[in-house]
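Each chain, written out:
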Amino acid sequence: PAICILENVPQYGSTVSMHMIRQTLKDWKYKIHEVIVGRELGAFEDRNRLCVICVSEGIDFTFDLKPVREREKMLSEILDKVPLDADCWNACEYLHAKEARDQKAGKGFSMQLVDGDSSKVGTVARSYHKWRSTEPLVKHPTDKKLKRLLTVNEISKVKTIDKNLVKGMSRTKQIEMMGQSVLGVAFQAV
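These numbers come from a predicted model, not from an experiment.

### A closer look at unusual backbone geometry
Peptide bonds are, in most cases, trans, and in most cases residues other than glycine have a negative phi.
Then step 1. Positive phi outside glycine occurs at C92, with the angle close to 55°.
Then step 2. Tracing the backbone through its elements, the reader meets C92 in the loop between β3 (49-56) and α2 (93-104).
Then step 3. On the basis of relative accessible area, C92 is assigned to the buried category, the value being 0%.
Then step 4. Even without a glycine there, the phi angle at T160 is positive, about 55°.
Then step 5. Among the structural elements, T160 can be located in the loop between α3 (152-159) and α4 (171-179).
Then step 6. The exposure class of T160 is buried, given its relative accessible area of 13%.

Rendered as structure tokens:
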């Protein structure tokens, strides 16, 4: 192909595997351009990705990245109207117990609690549906014990992924697909 696009976690850029990929692409006469992209391009999710553009020799290319949209200032602009008595609210006692164990063991893990005033959310990963302790949980507006996961609609908005791309899938599969994805606007900008 004239152009190859690769993406991965930023740490992948310093692996032996990426070194081998770079060397092979250089041997095949590609010029390699790399950049870390993230929420600065218009997404609400605080997730960085390594973006590698490989172009055949003779094709001019430079990154000229600009936001493709204005990011929301607060999570309240994204949150769905979820009833205060909906079944999705959970006390998450086991997550609080895990957080206490992690802190006692000197681990740096803690729950990521967000609300309408939050200016960003951390990574919503592939297994988000499993209620893991370090991924964003929305605090209940009136009951401090309760939290909930972001809805599929909210995930599509924080990641800037068109939810029609996962339409018709089960909720779990929708979350997995979007959790495996890039930030939509970051790669639109690329």
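Following the structure, the description resumes.
### Quick word on the sheet that holds strand β1 (residues 3-8)
Neighbouring strands of a sheet are bound in pairs by backbone hydrogen bonds; such pairs are parallel or else antiparallel.
Then step 1. Overall, antiparallel pairing links the 3 strands, which are arranged β1-β3-β2 in an open sheet. Strands with a single pairing partner mark the edges of an open sheet, and in this sheet they are β1 and β2 (30-37). Direction aside, neighbouring strands of the sheet carry axes that sit 15° apart on average.
Then step 2. Pairing geometry for β2 and β3, over 8 bridges, is antiparallel. Bridge assignment links H33 to a residue of β3, and that residue is I53.

### Considering the sheet that holds strand β4 (residues 112-114)
Then step 1. Here 3 strands make up an open sheet; going across it, the order is β4-β5-β6 and the pairing mixed. Each end of this open sheet is capped by a strand with a single partner; those strands are β4 and β6 (147-148).
Then step 2. The pairing of strand β5 (residues 136-139) with β6 spans 2 bridges and is classified as antiparallel. Bridge pairing in β6 links V138 to R148.

### Some remarks on the nonpolar core
Generally speaking, soluble globular proteins have nonpolar side chains that are buried together.
Then step 1. The biggest cluster of nonpolar side chains holds 25 residues, and the ones touching the most others in it are L75, Y128, L150, I155 and V158.
Then step 2. Elements represented by at least two residues in this core include exactly β5, α3 and α4.
Then step 3. Here the element with the most residues in this core is α3; it accounts for 3 residues.
Then step 4. Contacts of L75, omitting those with residues within four sequence positions, involve F44, V114, D115, G116, S118, V121 and V158.
Then step 5. Membership of the second largest hydrophobic core comes to 10 residues, among which are L41, C51, I53 and A189.

### Concerning the packing of α3 against α4
Then step 1. In contact at an axis separation of 10 Å, α3 and α4 are set at 10° when each is read in the N-to-C sense. Considered as vectors, α3 and α4 are oriented roughly parallel to each other. Here V152, I155, S156 and K159 of α3 lie close against α4, whose contacting residues are R171, Q174, I175, M178 and G179.
Then step 2. Tallied by class, residues from the contact of α3 with α4 come to 4 nonpolar, 3 polar and 2 charged.

Basis of the calculations
- Residues numbered from 1 in each chain as written.
- Predicted model: local features only at pLDDT ≥ 70, side-chain atom pairs only at ≥ 80, totals over all residues.
- Heavy atoms only, no water.
- Helix = DSSP H or I, 4+ residues; strand = E, 2+ residues; numbered from the N terminus.
- Buried < 20%, exposed > 50% of the residue type's maximum accessible area, 1.4 Å probe, protein only.
- Pairing = 2+ DSSP bridges.
- Axes fitted to C-alpha atoms, helices over the stretch in contact; angles between N-to-C directions.
- Core = buried A, V, L, I, M, F, W, Y, C linked by side-chain atoms within 4.5 Å.
- Contact = heavy atoms within 4.5 Å.
- Parallel < 35°, antiparallel > 145°, perpendicular 65-115°, else oblique.
- Nonpolar A, V, L, I, M, F, W, Y, C, P; charged D, E, K, R; others polar.

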